[in-house]
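The lines below spell out each chain.
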Amino acid sequence: MFCHAKRKKRKTDPTIANNVSDDVYDEDYVPPANFSKGRRASVSAEPLSMEDDITNDRVIHPKTDEQRKRLQVAVKEILIFKSLDQEQREYVLDAMFEKAVPAGEKVIELGDNGDFFYVVDSGKLDCYIKINGEEKKVLTYDNTGAFGELALMYNTPRAATIIATEECVLWALDRTTFRQLVLLTTMKKRELYEEFLNAIPLLQELESYERMNLADALVTTQYKAGETIIKQGDEADSFFIIEKGTCEVKIKDTFSSQHTNEEVKLTELERGQYFGELALIYKKPRAASVIASTDVSCAVLDIGAFERLLGPCVEIMQRNVSNYESKLTELFGEQLSIDDLRR
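Residues numbered from 1 in each chain as written. Predicted model: local features only at pLDDT ≥ 70, side-chain atom pairs only at ≥ 80, totals over all residues. Heavy atoms only, no water.

Chemist: Looking at this structure, how should I read the sheet that holds strand β6 (residues 146–147)?
Modeler: Within a sheet, neighbouring strands are paired by backbone hydrogen bonds and run either parallel or antiparallel to one another. In spatial order, the strands read β1-β8-β3-β6; together these 4 strands make up an open sheet with antiparallel pairing. Two strands bound the open sheet, and with one partner strand each, they are β1 (97–101) and β6. In the sheet, strand β3 (residues 116–122) pairs with strand β8 (residues 168–174) via 6 bridges, with the strands oriented antiparallel. When the sheet's bridge partners are listed, phenylalanine 116 is paired in β8 with aspartate 174. (Pairing = 2+ DSSP bridges. Helix = DSSP H or I, 4+ residues; strand = E, 2+ residues; numbered from the N terminus.)

Structure, rendered in structure tokens:
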């Protein structure tokens, strides 16, 4: 079923103005059937199969080029979209529609059932959750972010109240499309990563839901044997976990009596081991190069997601400094620090 929303000329019908963008639209515009000012009385979870065709019953809300560009920018850093391939991403963007929200309006309310997932285009909204029986503000969305996915994913009541503190523009995605496109794809990715991530000692510090968020953010990247994955002295922007293959960690020989400045092997890494963390933690250039010894597959986490998702693991990663420095001592026969490698 295709749902088209044409927008051509301005209307002032107050029953429509509250539900769609205060934009221009055609007289025959009909908002999505389940999109209303009121809240749904009940939600029945649709059974989802991993074999479902996630492109069935495609919904399309036409957009201008300007709207499409704004939407692409708005979803760019939203984790749940990063697990979609290009075709799936286009289906999702087609199905989203713009919604203007006046200051003071509750977009979602604690305890209600969920109809829509929202991405913030512009404006500020406050998030309240119940703590010790009282609703308290825990977060502010400031011209970016997304909310509303948990109630749709787990078929549970809304866990928070979101209130616009100024005029906002949101992008909304109906629950059916969300579940078919986003949830099924995320489920498949989480299933693939679950066993792998659970076996990594570093990640035992994370709660189960934190590991699921990590799985959403990881991007699998392939490297050919002999390819340099990170280079000593470069600025750091990513963290790597080896899914398959082996890598060599190398540093330039500036410490031996020969001072050849050639790369020497410090250690070797294999499946389940990680690298690239120290430069992100200390915000300094790479202290070593990592080269693929075989064809390698890495789960890659960008710096923003690293800082957001791996906070509980930072202390453990910092302990690795002494391990690295002991290997330097063994290699060159003198006490060296990681910072020595950056000089």
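Text resumes after the structure shown.
Chemist: When you look at the environment of glutamine 67 in this model, what are you seeing that I'm missing?
Modeler: For glutamine 67, the position within the fold is in helix α2 (residues 65–75). For the pair glutamine 67 and glutamate 98, spaced 31 residues apart in sequence, the C-alpha to C-alpha distance is 8.4 Å. Polar contacts involving the side chain of glutamine 67 include one to the side chain of glutamate 98, which spans 2.8 Å. (Polar contact = N/O pair within 3.5 Å; in protein donor to acceptor, adjacent residues only side chain to side chain.)

Chemist: Honestly, the pattern of salt bridges in this entry has me stumped. Any pointers?
Modeler: Where side chains of opposite charge bring their charged atoms close, a pairing between them can arise. One pass over the structure, following the stated rule, counts 13 salt bridges. For aspartate 94, the salt bridge is made with arginine 68, and the minimal N-O distance between the two is 2.7 Å. Pair noted here: aspartate 94 is in helix α3 (residues 86–95) and arginine 68 is in helix α2, with a separation of 26 residues, a long-range link. With respect to burial, aspartate 94 and arginine 68 carry one shared label: buried. (Salt bridge = Lys/Arg side-chain N within 4 Å of Asp/Glu carboxyl O. Buried < 20%, exposed > 50% of the residue type's maximum accessible area, 1.4 Å probe, protein only.)

Chemist: Sorry, what's going on with the sheet that holds strand β7 (residues 161–164) here?
Modeler: Ordered by their spatial adjacency, 4 strands build an open sheet running β2-β7-β4-β5, and the pairing between neighbours is antiparallel. Each edge of the sheet is formed by a strand with only one pairing partner; in this case those strands are β2 (106–108) and β5 (134–142). Across the sheet, the mean angle separating the axes of adjacent strands is 30 degrees when strand polarity is ignored. Of the pairings in the sheet, the one linking strand β4 (residues 124–131) to β7 comprises 4 bridges and is antiparallel in character. From the neighbouring strand, leucine 125 faces β7, where its bridge partner is alanine 164. (Axes fitted to C-alpha atoms, helices over the stretch in contact; angles between N-to-C directions.)

Chemist: Looking at this structure, I do not really get the pairing of β3. What am I missing?
Modeler: In the case of a regular strand, side chains alternate between the two sheet surfaces. Taking burial as the measure, the 7 residues of β3 include 6 buried ones, the bulk of the element. As paired strands, β3 and β6 are joined by 2 bridges and run antiparallel to one another. For tyrosine 118, the partnering residue across the bridge sits in β6 and is phenylalanine 147.

Chemist: Is there a simple way to think about α3 in this case?
Modeler: Because an α-helix packs 3.6 residues into every turn, residues spaced three or four apart end up facing the same way. Counted residue by residue, α3 has 7 buried out of 10 residues, so it is predominantly covered. What α3 keeps buried is the set Gln88, Arg89, Tyr91, Val92, Leu93, Asp94 and Ala95.

Chemist: How should the packing of α2 against α3 be read in this particular structure?
Modeler: The description of two packed helices rests on the angle between their axes and on the distance between the axes. Where α2 meets α3, the closest approach of the two axes is 11 Å, and the angle between their N-to-C directions is 120 degrees. The orientation of α2 with respect to α3, classified from their angle, is oblique. The element α2 and its partner α3 pack so that their crossing is right-handed. Across the interface between the two elements, Arg68, Leu71, Gln72 and Val75 of α2 pack against Arg89, Glu90, Leu93 and Asp94 of α3. The residue inventory of the contact of α2 with α3, partitioned by class, reads 3 nonpolar, 1 polar and 4 charged. (Parallel < 35°, antiparallel > 145°, perpendicular 65-115°, else oblique. Left-handed = near helix turned anticlockwise from the far one by under 90°. Contact = heavy atoms within 4.5 Å. Nonpolar A, V, L, I, M, F, W, Y, C, P; charged D, E, K, R; others polar.)

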